[in-house]
Amino acid sequence: MEPTQKQERRYRRTEALILNGLTTLLQQKSIKEITVRELADLVDINRSTFYLHYTDIYDLLEQTEQRLLKQFTDAVNEKFSANLGPNEFFQFLDCTFTILAENAPLCAALMGPNGDIAFLRTIEKLMHEKGMQALRAFTPRELPEQDLQYALSYFLAGCMGLVNAWLKNGCPEPPTHMAEIAMLLLREGISGMHI
């Protein structure tokens, strides 16, 4: 039997409640310390309702991270092309900061001290792979590959710091402004690299 629109809305609303509860708890403690009972009590649902959606807390975290990762992967696949240029890269940065803003409390929790370091490494790996392509579009062709690797590591660490500070501040500036800052820092950094 097909679920009705009302049932689907209720299902999505419950999932949103559960996600908000997870986000709140991750700001206070590690995933190992969070129990289904505690989460259910926080969002005022029965534990059986939680289990209709997820098998356990780790399943909730994994599914949440996979949905967020898909948004980033879709942005990469949509914005990166073989002939990547500055405009396309700016659009990618703008899209990335928009995703972060739309998921700000969750992203702040995942990047915080109780977050999932494995998830952050997955995001960094995705950005590293595409970052090489982006940096090649901005740097002189004669720049040695190892220097490009160092530059990419430097820029990725800087971008993670930029994102972290922005999220901690509650994302007061619009995503486009943050993309402009990231683009400016990238351009200025690369312009200083000489062969």
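Up top is the structure these notes are about.
Everything in this summary refers to the structure shown in the same document. (Residues numbered from 1 in each chain as written. Predicted model: local features only at pLDDT ≥ 70, side-chain atom pairs only at ≥ 80, totals over all residues. Heavy atoms only, no water.)

1. What to know about unusual backbone geometry
Argument step 1. A positive phi angle, near 60°, is found at D44, a position not held by glycine.
Argument step 2. Along the chain, D44 turns up in the loop between α2 (36-43) and α3 (47-53).
Argument step 3. A residue is classified by how much of its surface remains accessible, and D44, at 70% relative accessible area, is exposed.
Argument step 4. With phi around 55°, C171 is a residue other than glycine that occupies positive phi space.
Argument step 5. With respect to the helices and strands, the residue C171 is situated in the loop between α8 (145-168) and α9 (175-191). (Helix = DSSP H or I, 4+ residues; strand = E, 2+ residues; numbered from the N terminus. Buried < 20%, exposed > 50% of the residue type's maximum accessible area, 1.4 Å probe, protein only.)

2. Considering a positive patch on the surface
Argument step 1. Taken together, K6, R9, R10 and R13 make up a surface patch of like positive charges.
Argument step 2. The topology assignment puts R13 in helix α1 (residues 5-26). (Patch = residues over 30% accessible without salt bridge, like charges linked within 9 Å, V, L, I, M, F, W, Y side chains within 5 Å. Areas by Shrake-Rupley, 256 points an atom, 1.4 Å probe, with all protein chains shown as cover. Salt bridge = Lys/Arg side-chain N within 4 Å of Asp/Glu carboxyl O. Lys, Arg positive; Asp, Glu negative; His and termini not counted. Charge placed at Lys NZ, Arg CZ, Asp CG, Glu CD.)

3. With respect to the side chain of T23
Argument step 1. For T23, the location among the structural elements is in helix α1.
Argument step 2. For T23, a relative accessible area of 6% corresponds to the buried category.
Argument step 3. Setting aside anything within four residues of it in sequence, one finds T23 in contact with P105, L106 and A109. (Contact = heavy atoms within 4.5 Å.)

4. Describing helix α5 (residues 86-102)
Since the α-helix turns once every 3.6 residues, residues separated by three or four places project in the same direction.
Argument step 1. Relative to the 24 Å expected for 17 residues at 1.5 Å per residue, α5 spans 24 Å between its end C-alpha atoms, a close match to the ideal helical length.
Argument step 2. Taken together, the buried positions of α5 are occupied by F89, F92, L93, T96, F97, I99 and L100. Each buried residue of α5 sits inside an arc of 155° when the element is viewed along its axis, so together they form one side. What points out from α5, more than 90 degrees from its buried face, is the exposed set N87 and E102. (Expected span 1.5 Å × (residues − 1). Arc of directions from axis to C-beta.)

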